[in-house]
Amino acid sequence: MTVAAHPAAKADSAELLVAEFGRFLRLVQGRSEHTVRAYCADLRGLLTFSHVNSVEDVGRLDLDVLRSWLAQQSATGAARSTLARRASSVRAFTAWAHDRGWLSGADPGVRLASPKAHRTLPGVPRGDAVAHLLDGVAATADDPEGLRDSAMLEVLYAGGLRVSELCGLDLSGIGADGLVR
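Our subject in this report is the structure included herewith. (Residues numbered from 1 in each chain as written. Predicted model: local features only at pLDDT ≥ 70, side-chain atom pairs only at ≥ 80, totals over all residues. Heavy atoms only, no water.)

## Things to note about the overall build of the protein
On a plain count of helices and strands, the protein comes out with seven helices and zero strands. The linear arrangement of helices and strands in the protein, starting from the amino end, is α-α-α-α-α-α-α. Rg of the C-alpha trace for the protein: 28 Å, well past the compact-globule value of 16 Å for 181 residues, more than 25% over. In terms of its C-alpha atoms, the protein occupies a principal-axis envelope of roughly 85 × 30 × 30 Å. The 181 residues of the protein split such that 29% are buried. Of the roughly 11,400 Å² of accessible surface on the protein, 56% is carried by carbon and sulfur atoms. Positive and negative charge centroids in the protein, built from 20 and 21 side chains respectively, lie 11 Å apart. (Helix = DSSP H or I, 4+ residues; strand = E, 2+ residues; numbered from the N terminus. Rg over C-alpha atoms; globule rule 2.2 N^0.38 Å. Buried < 20%, exposed > 50% of the residue type's maximum accessible area, 1.4 Å probe, protein only. Areas by Shrake-Rupley, 256 points an atom, 1.4 Å probe, with all protein chains shown as cover. Lys, Arg positive; Asp, Glu negative; His and termini not counted. Charge placed at Lys NZ, Arg CZ, Asp CG, Glu CD.)

Put into structure tokens, the structure is as follows:
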């Protein structure tokens, strides 16, 4: 792997480039050792992939190469969180290399998208579990805090509100018909 306009280009400098990038991450950006280690490993993987695919010069890295590398990672079963970190490390590297004039043209990492992390919705409690919960806070007319707690739980569950939405309600939002708006 040669590096266009890189000072260590004469010494087949892929590992020197990785070490220099690691120093930049650690000393200039203040990244943790874990982040530096992960980003450098990601860069080694990208450089190996590039070399195997006949992109011998870092100056020739483009968006197609970066996307191909991430696609290959995805095809081998890398998790979305891993792919997102690898995209982030590549963006950091291409920005660093571009600032030094080692990439021809625009920084390809700017247009590299990260896969979104898989997020699941929280589970919904079963009706009998909610009934049990409401029975636990059953209040009498002479227990104002119990009435409040019971009403809040019923509004949360029946309305499908978030706690922040419930906390944001005020009395003017309750109509004469008892409906919350």
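There is more to say after this.
## Structural notes on the pattern of salt bridges
Counted by the stated rule, this structure contains seven salt bridges. The partner of E33 in a salt bridge is R26, and the shortest N-O contact between them spans 3.8 Å. Classification of E33 by relative accessible area gives partly exposed; the value is 44%. With a closest N to O distance of 2.8 Å, R148 and D149 form a salt bridge. (Salt bridge = Lys/Arg side-chain N within 4 Å of Asp/Glu carboxyl O.)

## As for the layout of surface pockets
For the largest pocket, the calculated volume is near 230 Å³. Along the walls of the largest pocket sit A151, M152, V155, L166, L169, D170, L171, I174, G178 and V180, which together make up its complete lining. With three residues, helix α6 (residues 144–159) is the single largest residue contributor to the lining of the largest pocket. Along the lines of polarity and charge, the residues of the lining of the largest pocket split into eight nonpolar, one polar and one charged. Roughly 170 Å³ of internal volume is contained in the second largest pocket. Around the second largest pocket, the lining residues are P122, G123, V124, P125, L156, Y157 and G160. Here the residues of the lining of the second largest pocket are counted per class, giving five nonpolar, two polar and no charged. (1 Å grid on protein atoms, 1.4 Å probe; cavity = no way out; pocket = protein on both sides within 12 Å on 5 of 7 lines; lining within 4 Å. Points joined across faces, edges and corners; volume = space filled by probe spheres on them. Nonpolar A, V, L, I, M, F, W, Y, C, P; charged D, E, K, R; others polar.)

## A short note on the packing of helix α2 (residues 33–52) against helix α3 (residues 63–75)
The geometry of α2 relative to α3 is characterised by a closest axis approach of 10 Å and an angle of 110 degrees between their N-to-C directions. Comparing their axes, α3 and α2 come out roughly perpendicular. Here α2 contributes D42, G45, L46, F49 and S50 to the contact with α3, which in turn contributes V65, L66, S68, W69 and Q72. Tallied by class, residues from the contact of α2 with α3 come to five nonpolar, four polar and one charged. (Axes fitted to C-alpha atoms, helices over the stretch in contact; angles between N-to-C directions. Parallel < 35°, antiparallel > 145°, perpendicular 65-115°, else oblique. Contact = heavy atoms within 4.5 Å.)

## Comments concerning α2
In this model, α2 (20 residues) spans 28 Å end to end at C-alpha, consistent with the 28 Å of a helix rising 1.5 Å per residue. If you check which residues of α2 are buried, you get V36, A38, Y39, C40, D42, L43, L46, L47, F49 and S50. As for α2, its buried residues are in contact with α1 (14–28), α3 and α4 (80–99). Of the residues one or two after α2, S54 is the one with positive phi, at around 60 degrees. (Expected span 1.5 Å × (residues − 1).)

## Thoughts on the side chain of R86
Mapped onto the elements, R86 comes out in helix α4. At 2.3 Å, the side chain of R86 forms a polar contact with the side chain of Q73. Not counting the four nearest positions on each side in its chain, R86 is found in contact with D42, W69, L70, Q73 and A78. (Polar contact = N/O pair within 3.5 Å; in protein donor to acceptor, adjacent residues only side chain to side chain.)

## Observations concerning the environment of A84
Relative to the helices and strands, A84 is located in helix α4. When the C-alpha positions of A84 and L70 are compared, they lie 9.3 Å apart, and in sequence the two are 14 residues distant.

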